[in-house]
Amino acid sequence: MWLVVLVIYSAWISPLQFAFLTYKKDVLFLVDNIVNGFFAIDLVLTFFVAYLDSQSCLLVDNPKKIAIRYISTWFVFDVSSTAPFQPLSLLFREQSSELGFKLLNMLRLWRLRRVSSLFARLEKDIRFNYFWTRCTKLVSVTLFAVHCAGCFNYLIADRYPDPTRTWIGAVNPNFKEDSLWNRYVTSMYWSITTITTTGYGDLHAENPREMLFDIFYMLFNLGLTSYLIGNMTNLVVHWTSRTRNFRDMFRAASEFATRNQLPPRIQDQMLSHISLKFKTEGLKQQETVNGLPKAIRSSIAHYLFYPIVENTYLFQGVSHDFLFQLVSEMEAEYFSPRADVILQNESPSDLYVLVSGSVVSPSFKPLTL
């Protein structure tokens, strides 16, 4: 979790340094090297972290196998993203060398895979709401795209030979003398108006380099917008699917009753049962239980139903072994008020143990538990 915080810092500072800042020995230089130190420690510790084999689904804790797997997969990328390119750039004062080291320093963005893995785990963690976890991920992706595009577009303007023929220089010829805050806000303003397809027209490409970058950025925005809309649509549909299914079932039952001219009493029982099924869906998790091994199902049934059956008058004096076998076949069932449980003269195939509520016999004598 601590490394994820450092990854978020790296994702923000790397494009900012690439476009706006020059390398020098200051507080930011010290912070960057401390962050790199944490990732260097993590790189060493990864050689001692067990992994789950994708073929056998077994946990592999053999140090030799761990080392071989790590070196053959992510080791080179992790080393590249942790290498101290910033201190090395101070040894070379040429402008071209500094730009090259800045480009190499952008390899730190490889660390973002940790954030992707974190979101993948959070989406499977039932302690966190899936909808808001997914929304947070989508917002994070959008903000990162806006941040990177703004920084890259400013870099193009900053490196262009004629500052007045740039997207920012056309409105502010002395933009290089402006404060870092003003330049950064202007870049983010351009990026957001472009990604949202607003395009006020006050900031636009002035030279072929910027035009080419804008073309690729707008094409990227098409894919990103499709990705965001598709994910948000799936989230909203998934969020409302349960209620929609209930309404469809309720409407179908109403149409069936009307088409067949069922008596009002039977109609009320049908609709009441559907409503009760919708309300108690979280309580009747029989499908979930049926997917479990038999031993676990028996343990659940014993915990839920054994105390009830044990205190039932009908089973007083019955052996515990028989009761244990009996509760393994029991299921919880809910009935709406005034619903028929067993009809008169019907041959019953089920045995009901009343836990809560009351029933009325055909002779209209109330039977309560």
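Residues numbered from 1 in each chain as written. Predicted model: local features only at pLDDT ≥ 70, side-chain atom pairs only at ≥ 80, totals over all residues. Heavy atoms only, no water.

K.L.:
For the UniProt feature "domain: Cyclic nucleotide-binding" (unreviewed entry) in the protein chain, give the residues involved together with the corresponding values.
P.N.:
Cross-referencing UniProt, the feature "domain: Cyclic nucleotide-binding" (unreviewed entry) maps to residues 314-359 in the present numbering. Counted over residues 314-359, helix gives 17% and strand 4%. Its end C-alpha atoms are 17 Å apart. (UniProt positions renumbered as here; feature names shortened; annotations may be inferred. Helix = DSSP H or I, 4+ residues; strand = E, 2+ residues; numbered from the N terminus.)

K.L.:
Which residues make up the side chain of Ser10, and what values do they have?
P.N.:
Looking at the secondary structure, you find Ser10 in helix α1 (residues 2-19). The contacts of Ser10, once residues within four sequence positions are left out, are Pro15, Val35, Phe39, Leu109 and Arg111. (Contact = heavy atoms within 4.5 Å.)

K.L.:
How would you sum up helix α8 (residues 130-159)? Please name residues and give values.
P.N.:
The end-to-end C-alpha distance of α8, which contains 30 residues, comes to 44 Å, matching closely the 44 Å that a straight helix rising 1.5 Å per residue would cover. Taking the backbone nitrogen of Phe131 as reference, a side-chain oxygen 2.9 Å away marks Asn129 as the first, capping residue of α8. (Expected span 1.5 Å × (residues − 1). Polar contact = N/O pair within 3.5 Å; in protein donor to acceptor, adjacent residues only side chain to side chain.)

K.L.:
So, the UniProt feature "transmembrane region" (unreviewed entry) in the protein chain: which residues are in play, and what are the values?
P.N.:
On the UniProt side, "transmembrane region" (unreviewed entry) is annotated at positions that read residues 34-52, 138-157 and 215-237 here. Between the end C-alpha atoms of residues 138-157 the distance is 29 Å, and the span holds 100% helix and 0% strand. The distance separating the terminal C-alpha atoms of residues 215-237 is 33 Å; by composition the span is 100% helix and 0% strand.

K.L.:
So what about the pattern of salt bridges? Which residues, and what values?
P.N.:
Scanning the entire structure with this criterion turns up five salt bridges. Close ionic contact of Arg108 with Asp32 constitutes a salt bridge, the shortest N to O distance being 3.8 Å. Of the two residues, Arg108 is situated in the loop between α6 (95-105) and α7 (112-124) and Asp32 in helix α2 (residues 27-45); the sequence distance between them amounts to 76 residues. Of the two residues, Arg108 and Asp32, both sit in the buried class. Residue Arg251 is joined to Asp248 by a salt bridge in which the shortest nitrogen-to-oxygen separation is 3.0 Å. In this pair, Arg251 and Asp248 both sit in helix α10 (residues 208-259), three residues apart, roughly one turn of the helix. (Salt bridge = Lys/Arg side-chain N within 4 Å of Asp/Glu carboxyl O. Buried < 20%, exposed > 50% of the residue type's maximum accessible area, 1.4 Å probe, protein only.)

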